[in-house]
Amino acid sequence: EPEVTQTPSHQVTQMGQEVILRCVPISNHLYFYWYRQILGQKVEFLVSFYNNEISEKSEIFDDQFSVERPDGSNFTLKIRSTKLEDSAMYFCASSEKRDRVVNTGELFFGEGSRLTVL
Amino acid sequence: AQSVAQPEDQVNVAEGNPLTVKCTYSVSGNPYLFWYVQYPNRGLQFLLKYITGDNLVKGSYGFEAEFNKSQTSFHLKKPSALVSDSALYFCAVRDLGAGRRALTFGSGTRLQVQP
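Remember, predicted model here, so these are calculated numbers, not experimental data.

Student: I would appreciate a short explanation of the overall build of chain A in the present structure.
Tutor: Helices and strands together make up the secondary structure of chain A, namely zero helices and 11 strands. Ordered by position from N to C terminus, the α and β elements of chain A give β-β-β-β-β-β-β-β-β-β-β. What you see for chain A is a C-alpha radius of gyration of 14 Å, in line with the 13 Å of a compact globule of 118 residues. A total of 118 residues make up chain A; the buried ones form 47% of that total. Summed over its atoms, the accessible surface of chain A is roughly 6,100 Å², and 46% of this surface lies on carbon and sulfur atoms. Charged side chains in chain A number 12 positive and 17 negative. The centres of these two groups are separated by 1 Å.

Written as structure tokens, this is what we have:
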């Protein structure tokens, strides 16, 4: 069964440092997403990406955040200058198969990258 | 705007008893509704979805959910709980009327099944 993979599983960084979280979505999916979860609580939407551009973003996704699909497989989330409140579990997800006529929209999630900002 | 409410932070049930985890939603158009489960230190795992058709949908691990349009609810149920069902459960909605693809998640309900 194809799956979404994320690296690193855990990253510890100092406040103000740049962090890049990496994801490999399911290969024939069209939409990619980043969500975050603080301390096992609510899962919050950050951004979605389609056809090499951002299709939706939330208020959380401010100028400190950026996403990129640098090649045909990776999807990255960059936080330019981390703050203490960026400490969270970041989940990548993908959806919608390229070759399916009707997509019902369930997202497939990776295992997450835990970011700890000190 | 689409939103989801899970009114219970935690649900406790004895093994073998039926369980219900509640979810209500708010959308501008027709909803796609989903349930996900999260085990400790893991990602979110898809359980089931309602798209159209039969209001009772069946999913993984014996779970089912009932779509009720008049009450805007999509409660998760299981006839007989297992200790291994103990986890964090999230309801999610996609608002077709808003043309969005991203899912909006509820705050989660922790299910504790006692032996």
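From this point, the discussion proceeds with the structure in view.
Student: Would you mind showing me how to read the interface of chain B and chain A here?
Tutor: Interface size is commonly expressed as the accessible surface area that is lost when the partners come together. Each partner contributes residues to the interface: chain B has 22 residues there, and chain A has 21 residues. Carbon and sulfur atoms make up 50% of the area that chain B and chain A hide from each other, which totals about 1,800 Å². Contact with chain A buries area across many residues of chain B, yet Leu44(B), Arg101(B) and Phe105(B) alone supply 30% of it, more than any other trio. In this assembly, chain B and chain A are joined by two salt bridges. The salt bridge partner of Glu106(A) is Lys49(B), with a shortest N-O separation of 3.0 Å. Counting every contact that joins chain B to chain A gives nine residue pairs in polar contact (both at pLDDT 80 or more). Where the side of chain B that touches chain A is concerned, the elements lending two or more residues are strand 5 (31-38), strand 6 (44-50) and strand 10 (87-95) of chain B. Looking at the side of chain B that touches chain A, the element that brings in the most residues is strand 5 of chain B, giving four residues.

Student: Quick question: what am I supposed to make of the pairing of strand 2 (residues 10-14) of chain B here?
Tutor: Successive side chains on a regular strand alternate, one facing one side of the sheet and the next facing the other. Residues and elements named next belong to chain B. Alternating residues of strand 2 divide into Val11 and Val13, all buried, and Gln10, Asn12 and Ala14, none buried. Relative to strand 12 (residues 109-114), strand 2 is paired through five bridges, and the arrangement is parallel. Bridged to Asn12 within strand 12 is Gln112.

Student: Can you walk me through the state of the cysteines in this structure?
Tutor: Here a disulfide denotes one covalent bond, and it connects the sulfur atoms of two cysteines. All names here are of chain A. Per the stated rule, a full pass over the model turns up two disulfides over all chains. There is a disulfide in this structure between Cys23 and Cys92, and the S-S distance comes to 1.9 Å. Residues Cys23 and Cys92 are joined by a disulfide whose S-S torsion is about -65 degrees; by sign, that bridge is left-handed. With Cys23 in strand 3 (residues 19-24) and Cys92 in strand 9 (residues 88-97), this residue pair connects regions lying 69 residues apart in the sequence. When sorted by exposure, Cys23 lands in the same class as Cys92, which is buried.

Student: Honestly, the nonpolar core in this entry has me stumped. Any pointers?
Tutor: General note: in soluble globular proteins, nonpolar side chains tend to be found buried as a group. Residue and element names in this part refer to chain B. Ranked by internal contacts, the top residues of the largest apolar core, which has 26 residues, are Trp35, Leu47, Leu48, Phe74, Leu76 and Tyr89. When residues of this core are traced back to their parent elements, those giving at least two are strand 2, strand 3 (19-21), strand 5, strand 6, strand 8 (64-68), strand 9 (73-78), strand 10 and strand 12. The element best represented in this core is strand 10, accounting for four residues. Here Phe74 is in contact with Cys23, Leu33, Phe34, Trp35, Leu48, Lys49, Tyr50, Val57, Ala65, Glu66, Phe67 and Cys91, once residues within four sequence places are set aside.

Student: Where do I start with the sheet that holds strand 8 (residues 75-79) of chain A in this structure?
Tutor: Hydrogen bonds between backbone atoms are what pair the strands of a sheet, whose relative direction is either parallel or antiparallel. Residue and element names in this part refer to chain A. On the basis of which strands lie adjacent, the open sheet formed by four strands has the order 1-3-8-7 and antiparallel pairing. The two strands at the open ends of the sheet, each matched to only one other strand, are strand 1 (5-7) and strand 7 (65-68). Direction aside, neighbouring strands of the sheet carry axes that sit 20 degrees apart on average. Sheet topology note: the strand 7/strand 8 ladder contains four bridges and is antiparallel. Note on strand 8: the bridge partner recorded for Glu68 is Thr76.

Student: Just checking my understanding: could you explain the side chain of Ser94(A) for this structure?
Tutor: All names here are of chain A. Note on placement: Ser94 falls in strand 9. Residue Ser94 is classed as buried on the basis of its relative accessible area of 0%. Reaching out from Ser94, the side chain makes a polar contact with the backbone nitrogen of Ile26 at a distance of 3.4 Å.

Analysis parameters
- Residues numbered from 1 in each chain as written.
- Chains lettered and ligands numbered in written order.
- Predicted model: local features only at pLDDT ≥ 70, side-chain atom pairs only at ≥ 80, totals over all residues.
- Heavy atoms only, no water.
- Helix = DSSP H or I, 4+ residues; strand = E, 2+ residues; numbered from the N terminus.
- Rg over C-alpha atoms; globule rule 2.2 N^0.38 Å.
- Buried < 20%, exposed > 50% of the residue type's maximum accessible area, 1.4 Å probe, protein only.
- Areas by Shrake-Rupley, 256 points an atom, 1.4 Å probe, with all protein chains shown as cover.
- Lys, Arg positive; Asp, Glu negative; His and termini not counted.
- Charge placed at Lys NZ, Arg CZ, Asp CG, Glu CD.
- Contact = heavy atoms within 4.5 Å.
- Buried area = accessible area lost by both parts, 1.4 Å probe.
- Salt bridge = Lys/Arg side-chain N within 4 Å of Asp/Glu carboxyl O.
- Polar contact = N/O pair within 3.5 Å; in protein donor to acceptor, adjacent residues only side chain to side chain.
- Pairing = 2+ DSSP bridges.
- Disulfide = S-S within 2.5 Å.
- Core = buried A, V, L, I, M, F, W, Y, C linked by side-chain atoms within 4.5 Å.
- Axes fitted to C-alpha atoms, helices over the stretch in contact; angles between N-to-C directions.

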